[in-house]
Structure formats: C-alpha cells, structure tokens
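As a plain string of letters, each chain reads:
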Amino acid sequence: AKQAWIRALERTASIDRAGITLPLLIDRLAQRYGTAAALESAEATLSYRELALRCNQYARWGLAQGLRPGDTVCLMMQNCAEYMAIWLGLTRIGAVVALINNNLAGDALAHSINIVAPKGVIAGGELAPRLAAVRARLSARPPCWVCGRSAEDIAALDSEVGRCSGEPLHDGECAPVPIGATALYIYTSGTTGLPKAAKVSHYRVMQWSHWFAGLMDTQPGDRMFNCLPLYHSVGGVVATGATLVGGGAVVIRARFSASDFWRDVREQRCTLFQYIGELCRYLVNAQ
C-alpha cells in the first residue's frame, strides 16, 4: 500500500509544471503505443493511433462549427469507444463537454441541457428520439447532431467529421488550453431533485487519471473492464484515463451485468476492473 501511494504522488507531482491536458497527451501516447489497442467496445476498437486521429477530427470539426474556448457541447450517448473520442477531441480546442446521463428523458433531459446553455448537442442514434422530443423546449435553440444511424430529422455527425483531417493540430489552429480551464460538466443530483452540472477542470482530469494509474500501477499489458457509465467520473475518467496514461486498453461495455461479468472478463483477458457502490455485492450475490 505504501508503494502504491508513493507511485500516485510521483505520477501527479509534475502535472502543474507540465501543463499537458489529456487530449494533448493522447497524441503523445499515439506516438509511443501506435497500433496497440486503446479502447474496445462492441461497435469498434480504436488503437492509440486511431484514437488520436479521431480526436483530431472532432477537434477540427468543432473549430469548423465555430466553437471557441469555454463554449459548451452536450454529449448524450451509450457507452462506446467513440464517446471518448468525441469529448477528448472537443476539449482539445477548449470546448466544455457536458456528459448527459443517457437514461434521461423529458423534463429532466431538457433541464440538464438548458442549465449549461450549450452551443450544440450530440446524441447517439438510439437516443435521438429523446432529444427530438425535447428539442423545442431547449432555451438556447442549439444545433443538434446524431452520431450513428437515426430516423430523426437531425444532422448526421459521422459524415461531417469524416471529412476532417486526423493529423495532429498545429499551433495556428487553436491556442493551448490552460490546464485550469473547465473540461467537462459531470452531473450530480441537485437539491431540487433535478441534475446539477459540476465543473471538472483539465487539471482534475489529469489528476484523477495519474493518481489512480499510480495506485493501480497500470502498465501497457493491462486491460481494464469498464461497465460503468461513461457520463460519470469513475467510469468516464478514472477507469479510462488511468488505463490510457499507462498504455493499457479499456474494454467498454454498455452496462453492468452480474450474470455476464466474469465470463466477459475472462474472454476479454482483462487484468483490472473498475467498481463503484454495490457492484461487488451484486457479484457476490450472483454466485
């Protein structure tokens, strides 16, 4: 335990001095780990090089939409590899990504979007009907896009992003994002019962990622099994960031299943899994 804490302190000690955000670090990791798997989900597997490419495409797409540092984009998708690429790419240019609970609908969904006054909303294809149902109630009237197939009359994100270059961004395209700037809005329960958006800085993202990488001593051979929601801090930042900064792979699942958990862990050759709350109790009770 002592060594784990020492590693965590060592990993986080230089974050302030380095000033490197996680999106920038992804480009460096891509040079180091290349074709090694970074994110694996049922829909796609992205190597470190492919993840960096997708991040850069989303960054350039965001610039083409006129997004500027501090502008907010809401993201509502099921767990998948593309989810990570989207928020990493948009935060690369200084945009703030609000991670919307993908279970929300109606008043709660409209509230969660309206309280951050977004410049745009991105929804997964299967969630597009929920977005379409509240679109007229969005106070900022933001443009909306769908990632994946959808029958809704909402702009398709995939084709627009596909036309953008995946080459590393050069200095003239966007200014470096300060590490103290807000990267994400992650929602918590408010006193009224409706979700409340909490600010998460780039520094906090790096701190969580490197701290837990140190505690777990993540290595390139590690494979993290992550069935927690990517819109939460534990599933979306800790489990993913701590694995990526160590050069490992994150195996993403749509949701937790007590009956499938250990079989999936074995089949995917996972060496780590991330838990929260009652997950372990559910696993014990399922035996």
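Everything numeric here is computed off the predicted structure, so don't read it as measured data.

Draft legend 1. Here's a closer look at the side chain of N56. Within the fold, N56 resides in helix α4 (residues 48-64). Accessibility expressed as a relative area gives 2% for N56, which makes it buried. A distance of 3.4 Å separates the side chain of N56 from the side chain of D27, its partner in a polar contact.

Draft legend 2. A look at the sheet that holds strand β9 (residues 195-201). Overall, mixed pairing links the 7 strands, which are arranged β7-β6-β5-β3-β4-β8-β9 in an open sheet. Bordering the open sheet on either side are β7 (155-156) and β9, each of which pairs with just one other strand. Pairing analysis gives 4 bridges linking strand β5 (residues 120-124) to strand β6 (residues 144-147), with the strands arranged parallel. Bridge assignment links G124 to a residue of β6, and that residue is C147.

Draft legend 3. Geometry of the layout of surface pockets. Size it by volume and the largest pocket reaches roughly 300 Å³. The wall of the largest pocket is formed by 18 residues, among which E43, M77, C80, E82 and C147 lie closest to the centre. Grouping the amino acids of the lining of the largest pocket by side-chain chemistry returns 7 nonpolar, 6 polar and 5 charged.

Draft legend 4. A look at helix α5 (residues 81-92). Spanning 12 residues, α5 covers 17 Å between terminal C-alpha atoms, matching the ideal 16 Å at 1.5 Å per step. Of all the 12 residues making up α5, 12 are buried; the element is thus mostly covered by neighbouring parts of the structure. The first or second residue beyond α5 is G94, which carries a positive phi of 95 degrees.

Draft legend 5. Looking closely at the sheet that holds strand β12 (residues 272-273). What the 5 strands build is an open sheet, ordered β2-β1-β11-β10-β12; its pairing is mixed. Unpaired on one side and paired on the other, β2 (45-47) and β12 mark the two borders of the sheet. Note that strand β10 (residues 223-226) and strand β11 (residues 249-252) share 4 bridges and pair parallel. Looking at β11, one finds that R223 is bridged to A249.

Draft legend 6. Representation of empty space enclosed by the protein in the model. All chains considered together, the criterion is met by 1 cavity of 30 Å³ or more. Of the volumes computed, that of the largest cavity is approximately 40 Å³. If you trace the largest cavity, you find it lined by T21, L24, T91, R92, P176 and V177. Its residues assigned to classes, the lining of the largest cavity shows 3 nonpolar, 2 polar and 1 charged.

Draft legend 7. Representation of the pattern of salt bridges within the structure. Applying the stated criterion across every chain, the model contains 8 salt bridges. As a salt-bridge pair, R137 and D107 come within 2.3 Å of each other at their nearest N and O atoms. One end of the pair, R137, is in the loop between α7 (128-134) and β6; the other, D107, is in helix α6 (residues 106-114), with 30 residues separating them in the sequence. Look at R137 and you get partly exposed, because its relative accessible area is 40%. Residue classification places D107 among the exposed residues on the basis of a relative accessible area of 59%. Close ionic contact of E278 with R281 constitutes a salt bridge, the shortest N to O distance being 2.3 Å. According to the relative accessible area criterion, R281 is partly exposed, its value standing at 44%.

Draft legend 8. Layout of the environment of L51. Topologically, L51 is positioned in helix α4. Taking the C-alpha atoms as reference points, L51 and L39, separated by 12 residues in sequence, lie 7.9 Å from one another. In this structure, L51 is in contact with I26, A38, L39, L46, A85, L88 and L244, ignoring residues within four places of it in sequence.

Cut-offs used in this document
Residues numbered from 1 in each chain as written. Predicted model: local features only at pLDDT ≥ 70, side-chain atom pairs only at ≥ 80, totals over all residues. Heavy atoms only, no water. Helix = DSSP H or I, 4+ residues; strand = E, 2+ residues; numbered from the N terminus. Buried < 20%, exposed > 50% of the residue type's maximum accessible area, 1.4 Å probe, protein only. Polar contact = N/O pair within 3.5 Å; in protein donor to acceptor, adjacent residues only side chain to side chain. Pairing = 2+ DSSP bridges. 1 Å grid on protein atoms, 1.4 Å probe; cavity = no way out; pocket = protein on both sides within 12 Å on 5 of 7 lines; lining within 4 Å. Points joined across faces, edges and corners; volume = space filled by probe spheres on them. Nonpolar A, V, L, I, M, F, W, Y, C, P; charged D, E, K, R; others polar. Expected span 1.5 Å × (residues − 1). Salt bridge = Lys/Arg side-chain N within 4 Å of Asp/Glu carboxyl O. Contact = heavy atoms within 4.5 Å.

By themselves, these figures tell us nothing about what the structure is for.
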